[in-house]
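# Observations on the three-dimensional arrangement
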Amino acid sequence: MRTILLSAATVLLAGTTLVGAVHSAELPKGAAHNVVLVHGAFVDQTSWQPVADILTKKGYNVTLVENPLTSLAADVDATKQALAKQAGRTVLVGHSWGGVVITQAGNDPKVSALVYVSAFAPEVGESLASLAKAGPPTEGGKAIHPDAKGNLYIDPKVFPSAVAADLPPEIAAHLANSQLPLNHVAFEAPVDVAAWHDKPTFYVISTKDKVLAPEAQKSFAARIHAQTTEVTGSHASLVVHAKQVAEVIEKAALTR
């Protein structure tokens, strides 16, 4: 699975380098040096690779969190472990389900700003399940089903059009058939911390998203008082519009 979205990154961002320790640029004065990226359900951390490549080339120390997707607590723990390794101010970024994770984990004192990218932004007591029920129905949302073990998937026949309509068709189909399941326990778990109350927040709205309705994204952005940017893309905007997403993260890095 780790190589799947690297293929997308290769197609869309040919010539970039992977995340590494060598920085080729000097950061703006006062910028947070660290960026921690938290992926959503059904894909892995390579979904962030195009954004990570851009930021690394500009001099940021970028960490990709590998969520187990087994529970909210497990994903929050993985994120906190990543934050513990950062030296200094850190921008914490989440996509989709990752927004729930950063909402819970983002109260870490190292976190200087939160960035939500087509992401859920719950209030204390809210879960992904409750937010999904409250929001406008979407093609992708209606295609999420549990297997016999209670693990959630998006119907592979619906996945390409609902999740990744603007990715190359062969990559979208490959992603559809190689999904990482989200355990229903994670889906139903409410957050007991809402870090966006106390942190500067940014939100990237994907205006053609068929998983998390753009109307819901706008509602989340308004509720958390986020600086908002819109991109004309699907739920996979973090790949297709990696440059714009990276620019928002850079703005967040300059926030104190």
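Residues numbered from 1 in each chain as written. Predicted model: local features only at pLDDT ≥ 70, side-chain atom pairs only at ≥ 80, totals over all residues. Heavy atoms only, no water.

Per an unreviewed UniProt entry, the chain goes by the name Alpha/beta hydrolase and belongs to Bradyrhizobium canariense.

### Structural notes on the overall build of the chain
For the chain, the count of helices and strands is twelve helices and nine strands. Against the compact-globule benchmark of 18 Å for 256 residues, the chain has a radius of gyration of 16 Å, which places it among compact chains. Taken along its principal axes, the extent of the C-alpha atoms in the chain is 50 × 40 × 30 Å. Here the chain holds 256 residues, and the buried ones make up 55% of them. Restricting the contact set of the chain to residue pairs at least 6 apart, pairs at least 24 apart contribute 73%. Carbon together with sulfur atoms contributes 56% to the accessible area of the chain, which is approximately 10600 Å² in total. Of the charged side chains in the chain, 20 are positive and 22 negative, and the gap between their average positions amounts to 5 Å. (Helix = DSSP H or I, 4+ residues; strand = E, 2+ residues; numbered from the N terminus. Rg over C-alpha atoms; globule rule 2.2 N^0.38 Å. Buried < 20%, exposed > 50% of the residue type's maximum accessible area, 1.4 Å probe, protein only. Contact = heavy atoms within 4.5 Å. Areas by Shrake-Rupley, 256 points an atom, 1.4 Å probe, with all protein chains shown as cover. Lys, Arg positive; Asp, Glu negative; His and termini not counted. Charge placed at Lys NZ, Arg CZ, Asp CG, Glu CD.)

### Structural notes on helix α10 (residues 214–223)
Along α10, the residues classified as buried are P214, A216, Q217, F220 and A221. In an axial view of α10, the angular spread of the buried residues amounts to 155 degrees, which keeps them on one side of the axis. Away from the buried face of α10 by more than 90 degrees, exposed residues E215 and A222 are located. Residues of α10 that are buried sit in contact with α5 (128–134), β8 (201–206) and β9 (227–231). The first or second residue beyond α10 is H225, which carries a positive phi of 55 degrees. (Arc of directions from axis to C-beta.)

### A word on the pairing of strand β3 (residues 90–95)
Here β3 lies mainly inside the structure; six of its six residues are buried. Sheet topology places strand β1 (residues 34–38) next to β3; five bridges connect them, and they run parallel. Looking across to β3, one finds that N34 is bridged to T90. (Pairing = 2+ DSSP bridges.)

### Quick notes on unusual backbone geometry
Of note in this structure, L69 is not a glycine but carries a positive phi near 65 degrees. Looking at where L69 falls in the secondary structure, it is placed in the loop between β2 (61–65) and α3 (72–84). Relative accessible area serves as the criterion here: at 2%, L69 is assigned to the buried category. Even without being glycine, S118 reaches a positive phi, approximately 45 degrees.

### Concerning the sheet that holds β2
The sheet built from six strands is open, its strands ordered β2-β1-β3-β4-β8-β9 with parallel pairing. Two strands bound the open sheet, and with one partner strand each, they are β2 and β9. Sheet twist, expressed as the mean angle between neighbouring strand axes with direction ignored, is 20 degrees. In this structure, β8 lies alongside β9, joined through five bridges in parallel fashion. When the bridges of β9 are listed, V204 appears paired with T229. This element, α3, spans β1, β2, β3 and β4 (111–117) of the sheet and lies at about 160 degrees to β2. Packed on one face of the sheet, α10 meets β8 and β9 and runs near 170 degrees to β8. (Axes fitted to C-alpha atoms, helices over the stretch in contact; angles between N-to-C directions.)

### A few points about the sheet that holds strand β5 (residues 144–146)
In a beta sheet, neighbouring strands are held together by backbone hydrogen bonds and run either parallel or antiparallel to one another. Overall, antiparallel pairing links the three strands, which are arranged β5-β6-β7 in an open sheet. Two strands close off the open sheet at either side, each with one partner strand: β5 and β7 (182–183). One ladder, built from two bridges, connects strand β6 (residues 151–154) with β7; its direction is antiparallel. Bridge pairing links N151 to N183 in β7.

### A word on the packing of helix α2 (residues 49–57) against helix α12 (residues 242–253)
For the pair α2 and α12, interaxial distance at closest approach is 9 Å and the crossing angle is 55 degrees. One way to sum up the angle between α2 and α12 is to call them oblique. As for how α2 packs across α12, the hand of that crossing is right-handed. Across from P50, V51, I54 and L55 in α2, the residues of α12 making contact are A242, K243, V245, A246, I249 and E250. A breakdown of the residues in the contact of α2 with α12 according to their chemical character gives eight nonpolar, no polar and two charged. (Parallel < 35°, antiparallel > 145°, perpendicular 65-115°, else oblique. Left-handed = near helix turned anticlockwise from the far one by under 90°. Nonpolar A, V, L, I, M, F, W, Y, C, P; charged D, E, K, R; others polar.)

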